[in-house]
Amino acid sequence: MLAITRSGLAGTVFFLIALLALPALADGQWIKIFISTGCFVIAASGVAFMYSRLGMVSLGQVALMGVGGWVTLRMNHAFNLPFEINVAVAGAVTLVFGWLLALPALRMRGLYLALITLMAAGGLEVIFSTFRFPNGGPGFWGVMPSVAAPFRRPWIAQSDTAYLRYIMAAAFFGFVLIELHRRMAPGRAWAMIRRSEAAALASGVNVVYYKAWAFGLSGFLAGVAGGLLAGGLGLLDAATFRASESIMLFALSVVGGARFWLGAVIAGVLYRVMPALFSNWGINSDLTLVIFGAALLHAIMTAPDGLSGQILQAFGKVTRRA
Amino acid sequence: MIELVDLTVTFGGVTALDNVSAVFTKPVNGIIGPNGAGKTTTMNVISGFLKCSGHIRYNDEEIGRLPAYKRTRWGLRRSFQREQIADDLSILDNLKVILDVTPGGRAQKAADAEQALEATGLAPRAHTMAGELNTFERRLVDVARCLVGKPKIVMFDEPGGGLSREEAARLGDLILKVPEITGATTLVIDHDVDLISRICAETLVLDFGKRIAFGETAAVLGDPKVKAAYLGVEEVDS
Ligand SMILES: Nc1ncnc2c1ncn2[C@@H]1O[C@H](COP(=O)(O)OP(=O)(O)O)[C@@H](O)[C@H]1O
Ligand SMILES: [Mg+2]
């Protein structure tokens, strides 16, 4: 069960290289971009595994990040707890929040989950832009104009470079968490659910329970990702969590290839690094939308395992067990 | 002993099963009937996939009210007309998914899976991904899944469909061994009369959702009503 696959080995090597090289090579602005890229990679890993392992489409992942971010900021400004506790609470609250929203849809087949998560994302967009994110102000919503109270990062990761490494480690553990699930009872149950509901029932799988488990894991990852994103800047902006962003992250996860860790990394890079590159080069960053659209068509028509599938294949790394 | 009492299923206005009753007492029993007779519907009802009126009992224990996944945990196993194994799991993992929800210790489950793989001849390929298997091997995995976790009832829906004669014969031999290996009462659905008459001691004949005969297989197949409704169509005169 602890045997490492070739894809896993490639991922570990990639992680170690990135851990050493990325903070050393990048300058101030890019460090910040990579920090948020890492957060979106974590969130993308959640939607990607739900899609590839269960065939479930969630269009609310970035909105759930917003929930995690909100809780983290709220905790940070209300109590004097360590960062890790705030983020853990954010993950747990987001998990439960996601469950409450999705449970009715998890009982149904088909596209209900996609619809209900998209509606939730729309609702959260309104709530976030109305009430905004806590920045140390008074009351429940905790918002004060213009200035923001300080944000406590993890004590081992005070600087931006250290925090980038911290994010990469978190992403790595996120992938390990998903992989462990895949190899144990939940992963087997998910595979049967993806095959068909009849297959799952004939295997004794409680379909709603295991769908809820998957959605909970994905929601937990979104919540943690949102909390980590809050730590990047010390504050959050409602515009980050618009419903359209959730759709975008799902689409890019398909483009990246939902079956592999590399797919979520590509999704995060396309989502966050590409627009930054474009604006650096003075190209209108809306052009990225056109490119993403083309890439999505490409993925749907010719590359069912996405770009990561093609890349891993090119390196001869794809085994059936990847 | 499997006891079906007054099973009735309707889809909209169509009555797919009409007050069907039967008591299967032999180790391997059959259900036959022409296409659309209600054979798969009967199996789906026993599996808990469809709502129905009536009773389903195993040795006087009512199982007709359990949700489908709990029937599997209780000891019901089935194969499908189109096999339903997960391509992205290994052969072994396709068995483990059932062992995950049935009682027993680790070592016991490993031995259980090993026995099922040996019986089906899949043991050397236990770690092969199911997606790499051919039609017959996939069918064998479906059978192996029916052997694990101490089943009480095992059902096969047209196990010989899509297989060559030789493969179907091998599968028939394997099915005959199911009660020996597991102690489960076995139900085989097919419209292949040869297969049924070879392996099933008792047989239920359905036509248009109605029971038209039930009893010892040879006697049932000799019944003029059965010949008229079913065997005539298939031009079988053995
Ligand atoms: N889900 C369903 N919805 C509506 N009608 C169905 C359904 N399943 C089966 N039927 C109908 O019930 C009858 C029996 O079907 P089935 O049990 O599949 O027959 P078979 O004996 O060939 O396995 C057929 O007339 C079929 O069209
Ligand atoms: Mg049928």
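Since the model is a prediction, treat every value here as computed from it, not as a measurement. (Residues numbered from 1 in each chain as written. Chains lettered and ligands numbered in written order. Predicted model: local features only at pLDDT ≥ 70, side-chain atom pairs only at ≥ 80, totals over all residues. Heavy atoms only, no water.)

A few words now on the site of ligand 1. Residue and element names in this part refer to chain B. Around ligand 1, the neighbouring residues are Phe11, Ala16, Pro34, Asn35, Gly36, Ala37, Gly38, Lys39, Thr40 and Thr41. Within the backbone of lysine 39, a nitrogen or oxygen atom sits 2.8 Å from an oxygen atom of ligand 1. Contact between ligand 1 and threonine 40: an oxygen atom at 2.7 Å from a side-chain N or O atom of the residue. For the shell around ligand 1, the element with the most residues is helix H1 (residues 39–47), which contributes 3 residues. Of the residues assigned to the shell around ligand 1, the class counts are 4 nonpolar, 5 polar and 1 charged. (Near = heavy atom within 4 Å. Polar contact = N/O pair within 3.5 Å; in protein donor to acceptor, adjacent residues only side chain to side chain. Helix = DSSP H or I, 4+ residues; strand = E, 2+ residues; numbered from the N terminus. Nonpolar A, V, L, I, M, F, W, Y, C, P; charged D, E, K, R; others polar.)

Ranked by internal contacts, the top residues of the largest apolar core, which has 145 residues, are A:Met65 and A:Leu228. If one sorts the elements of this core by residue count, helix H2 (residues 28–54) of chain A sits on top with 14 residues. Residues within four places of A:Leu228 in sequence aside, it is in contact with A:Cys39, A:Ile42, A:Phe83, A:Tyr163, A:Tyr166, A:Ile167 and A:Ala170. Among the nonpolar cores identified, the runner-up in size contains 24 residues, and B:Val45, B:Ile56, B:Trp74 and B:Leu206 belong to it. (Core = buried A, V, L, I, M, F, W, Y, C linked by side-chain atoms within 4.5 Å. Buried < 20%, exposed > 50% of the residue type's maximum accessible area, 1.4 Å probe, protein only. Contact = heavy atoms within 4.5 Å.)

Put simply, chain A has an average pLDDT of 89, and 97% of its residues get 70 or more. Scored below 50 in pLDDT, residues 318–322 of chain A shows 14 contacts in the model against residues more than four places distant or in partner chains. (pLDDT = per-residue confidence, 0-100.)

Right, let's talk about the interface of chain B and chain A for a bit. Counting residues at the interface gives 25 residues for chain B, matched by 19 residues for chain A. Regarding the contact of chain B and chain A, the summed buried area is about 2,000 Å², with carbon and sulfur atoms giving 55% of it. Per-residue buried area on chain B facing chain A is highest for B:Tyr69, B:Gln84 and B:Asp88; these three make up 27% of the total on that side. Across the chain B-chain A interface, the total number found is 4 salt bridges. Between B:Asp100 and A:Arg188 there is a salt bridge; the shortest N-O distance is 2.8 Å. Between chain B and chain A we count 10 residue pairs in polar contact (both at pLDDT 80 or more) in total. Secondary-structure elements contributing two or more residues to the side of chain B that touches chain A are helix H2 (68–74) and helix H3 (91–99) of chain B. Broken down by element, the side of chain B that touches chain A gets its largest block of residues, 5 residues, from H3(B). (Buried area = accessible area lost by both parts, 1.4 Å probe. Salt bridge = Lys/Arg side-chain N within 4 Å of Asp/Glu carboxyl O.)

Here the focus is the packing of aromatic side chains. For any pair of aromatic rings, the description rests on two quantities: the centre-to-centre distance and the angle between the ring planes. Under the counting rule described, the total for this entry stands at 25 aromatic pairs over all chains. Plain terms: the ring middles of A:Phe15 and A:Phe172 are 4.2 Å apart, the flat faces sit at 10° to each other, and that makes the pair stacked. Taken together, the residues A:Phe15 in helix H1 (residues 6–25) and A:Phe172 in helix H6 (residues 160–183) connect sequence positions 157 residues apart. One cation-aromatic arrangement involves A:Arg153 over A:Tyr163; the distance from NZ or CZ to the ring centre is 4.5 Å. For the cation-ring pair, B:Arg78 lies above B:Phe80, with the distance from its terminal atom to the ring centre recorded as 4.1 Å. (Phe/Tyr/Trp six-rings, centres within 6.5 Å; stacked < 30°, edge-to-face > 60°. Lys NZ or Arg CZ within 6 Å of the ring centre and 35° of its normal.)

Here we take up the sheet that holds strand S8 (residues 185–189) of chain B. Strand pairing in a sheet relies on backbone hydrogen bonds, with the paired strands running either antiparallel or parallel. Residues and elements named next belong to chain B. The strand order S6-S7-S8-S3-S9-S10 describes an open sheet built from 6 strands, whose pairing is mixed. The open sheet is flanked by strand S6 (76–78) and strand S10 (210–216), the only strands paired with a single partner. Across the sheet, the mean angle from the axis of one strand to that of its neighbour is 15°, orientation sign disregarded. Across the sheet, helix H6 (residues 165–182) is in contact with strand S3 (28–32), strand S7 (153–157) and S8; its angle to S8 comes to roughly 160°. (Pairing = 2+ DSSP bridges. Axes fitted to C-alpha atoms, helices over the stretch in contact; angles between N-to-C directions.)

With their axes 9 Å apart at the nearest point, helix H7 (residues 185–195) of chain A and H3(B) run at an angle of 100° to one another. One way to sum up the angle between H7(A) and H3(B) is to call them roughly perpendicular. Between H7(A), through A:Arg188, A:Ala189 and A:Met192, and H3(B), the contact on the second element is made entirely by B:Asp93, B:Asn94, B:Lys96 and B:Val97. Each residue belonging to the contact of H7(A) with H3(B) can be placed in one class, and the counts come to 3 nonpolar, 1 polar and 3 charged. (Parallel < 35°, antiparallel > 145°, perpendicular 65-115°, else oblique.)

Once that is clear, we can look at the pairing of S7(B). Residue and element names in this part refer to chain B. Burial analysis of S7 places 5 of its 5 residues in the buried class, which makes it a mostly covered element. Neither face of S7 is exposed, since Ile153, Met155 and Asp157 on one face and Val154 and Phe156 on the opposite face are all buried. Across 3 bridges, S6 lies against S7 in parallel orientation. Note that in S7 the partner of arginine 77 across the bridge is valine 154. Summarising the sheet, S7 and S8 pair through 5 bridges and their orientation is parallel. Its bridge partner being in S8, aspartate 157 is matched across the sheet by isoleucine 189. Traced from S7 through H6 to S8, the parallel crossover comes out right-handed. (Right-handed = clockwise from strand over helix to strand, strands pointing away.)

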